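Secondary and tertiary structure notes
Now for the letters of each chain:
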Amino acid sequence: TLDKYIGDAVMAFWGAPMPCEGHALVGCKAALANQKRLAGLRERFSAEGYPPVRNRIGLNSGPASIGNMGSAARLSYTAIGDNVNLASRLEGANKAYGTYILISESTRQGAGEAIEVRELDYVKVKGKNQPIRVFELLGLKGETETNLLEKARLFESGLPLFRARDFEQAIVVFRSVAAKYGDDVACENYIERCEHYLKEAPSADWDGSHALTEK
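Residues numbered from 1 in each chain as written. Predicted model: local features only at pLDDT ≥ 70, side-chain atom pairs only at ≥ 80, totals over all residues. Heavy atoms only, no water.

**Concerning the side chain of N60**
What counts here: Where helices and strands are cited, they refer to DSSP runs of H or I of at least four residues and of E of at least two residues respectively, numbered from the N terminus. Under the rule applied, a polar contact is a pair of N or O atoms within 3.5 Å (in protein, one hydrogen donor and one hydrogen acceptor; residues adjacent in sequence only if both atoms are side-chain atoms). Residue contacts are counted whenever heavy atoms from the two residues lie within 4.5 Å of one another.
Within the secondary structure, N60 sits in the loop between β3 (57-59) and β4 (65-70). In terms of polar contacts, N60 uses its side chain to reach the side chain of S104, at 2.6 Å. Here S106 takes part through its side chain, which lies 3.1 Å from a polar atom of the side chain of N60. If near-sequence neighbours (up to four positions away) are discounted, N60 is found in contact with N83, L86, A87, L90, S104, S106 and T107.

As structure tokens, then:
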């Protein structure tokens, strides 16, 4: 359901007004199709002398209040609630990781083994105190490039080291990702965090999460 345009953003949801079986996977497929279509448009725009156009997507799954909201003078069929807000926060969080599709743990679980992802972080988005795991959506099972999967697994091997406070070894892993696969914003962020914690150790109750300060 196409909900609304918000400036240069588009908001959409699945599951209302009609049920949508496997809505998490359907959302992931739509996001991937969006990026594929945009890649084709970039080629056309380039040939016509226009600058490249990119977009970011945030996906979250969960209950929401959906219906005609507003007043007798102006009604809008829309979805509201914490889960809607989280999807919006994930869209903005792409900027912090140099990614284009971020999905929540609930969407990752809902889509199951049909998708390929890279676990990125354990984050507290702006306005939330409860940290969540976030993932970069890479593609569909059986359709994702091997080098993306290999890069994801190598990157993910550094996360337990980071969360166990073994920051020196975590730096080694994240630098190896960049060395083998090229510059990666997420790796740069983790290296910066590790270097900071080597100088100033995190508090005793640190849970490995990272607070995102931007929407």
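**Notes on the pattern of salt bridges**
Any two side chains of opposite charge can pair, on the condition that their charged atoms come close. How we decide: Salt bridges, as used here, are contacts in which a Lys or Arg side-chain nitrogen is within 4 Å of a carboxyl oxygen on Asp or Glu.
Taken as a whole and assessed by the stated rule, the structure comprises 12 salt bridges. Of the charged contacts, one joins R118 and D184 as a salt bridge, the two residues approaching to 3.3 Å between their closest N and O atoms. With R118 in strand β7 (residues 115-124) and D184 in the loop between α6 (167-181) and α7 (185-199), this residue pair connects regions lying 66 residues apart in the sequence. Linking D121 and R193 is a salt bridge whose minimum nitrogen-to-oxygen distance equals 2.7 Å. One end of the pair, D121, is in strand β7; the other, R193, is in helix α7, and 72 residues separate them in sequence.

**What about the packing of helix α4 (residues 146-156) against α6?**
As a reminder of what qualifies: Between N-to-C directions, angles span 0 to 180 degrees; the directions come from axes that are lines fitted to C-alpha atoms, helices contributing only their stretch in contact. Just so you know how the angles are binned, under 35 degrees is roughly parallel, over 145 roughly antiparallel, 65 to 115 roughly perpendicular, and the rest oblique. In this scheme the crossing of two helices becomes right-handed for a clockwise turn of the near helix relative to the far one and left-handed for an anticlockwise turn of less than a right angle.
Closest axis-to-axis distance for the α4/α6 pair is 9 Å, and the angle between their directions is 165°. Between α4 and α6, the angle falls in the class roughly antiparallel. Note that α4 runs across α6; the crossing there is right-handed. In contact with N147, E150, K151, L154 and F155 of α4, α6 contributes V173, F174, S176, V177 and Y181.

**Some thoughts on α4**
Note the following rule: Under the scheme applied here, a residue whose accessible area is under 20% of the maximum for its type counts as buried, over 50% as exposed, and between as partly exposed, the area being computed with a 1.4 Å probe on protein chains only. Of all possible arcs, the one meant is that of the directions from the helix axis to the C-beta atoms.
Inspection of α4 places L149, K151, A152 and F155 among the buried residues, and these make up the whole buried set. Buried residues of α4 fall within an arc of 165° about the axis and therefore sit on the same side. Of the surrounding secondary structure, the elements contacted by the buried residues of α4 are β7, β8 (132-140), α5 (159-163), α6 and α7.

**Details of the environment of G62**
As for its position among the elements, G62 is in the loop between β3 and β4. Among the residues examined, G62 registers a relative accessible area of 42% and is labelled partly exposed. Residues G62 and T78 lie 16 residues apart in sequence; the distance between their C-alpha atoms is 15 Å.

**Digging into the packing of aromatic side chains**
The condition is simple: In this analysis, rings of Phe, Tyr and Trp, with Trp reduced to its six-membered ring, are considered paired at centre separations within 6.5 Å, and the interplanar angle assigns stacked below 30 degrees, edge-to-face beyond 60, and tilted for intermediate values. Charges are assigned to positions over rings by a cutoff of 6 Å between ring centre and Lys NZ or Arg CZ, combined with an angular limit of 35 degrees from the ring normal.
By the definition in use, this model includes 12 aromatic pairs. For the ring pair F174 and Y190, a centre distance of 4.8 Å and an interplane angle of 20° mean the geometry is stacked. Residue F174 is found in helix α6, and its partner Y190 is found in helix α7; the two are separated by 16 residues along the sequence. Note on Y190: relative accessible area 1%, which makes it buried. Aromatic rings pair up to connect F155, F162, F167, F174, Y190, Y197 and W206 into one cluster. Sitting above the plane of the F155 ring, R118 keeps its charged end 4.5 Å from the centroid. One residue, R193, lies across the ring of Y190, its end atom 4.4 Å from the ring centre.

**Examining the layout of surface pockets**
Convention followed: Here the term cavity refers to a set of points on a 1 Å grid, laid over the protein atoms alone, in which a 1.4 Å probe fits but cannot get out; the term pocket refers to an open set having protein on both sides within 12 Å along at least five of seven lines, with lining residues being those that place an atom within 4 Å of a point. Grid points are joined across faces, edges and corners, and a volume is the space filled by probe spheres set on the points. For this scheme, ten residues count as nonpolar: Ala, Val, Leu, Ile, Met, Phe, Trp, Tyr, Cys and Pro. Four count as charged, namely Asp, Glu, Lys and Arg, and the remainder, Gly too, count as polar.
Approximately 1,300 Å³ is the volume found for the largest pocket. As for the largest pocket, its lining consists of 38 residues, and the residues nearest its centre are V10, M11, A12, G58 and A87. Breaking the lining of the largest pocket down by element, the ones donating at least two residues are β2 (9-12), α1 (23-47), β3, β5 (75-80) and α2 (82-97). By residue number, the principal contributor to the lining of the largest pocket is α1, which donates 7 residues. Looking at the lining of the largest pocket, its residues break down into 20 nonpolar, 14 polar and 4 charged. One number sums up the size of the second largest pocket: a volume of about 780 Å³. Around the second largest pocket, the lining comprises 27 residues; the ones closest to its centre are L32, Q35, L137, L138 and L148.

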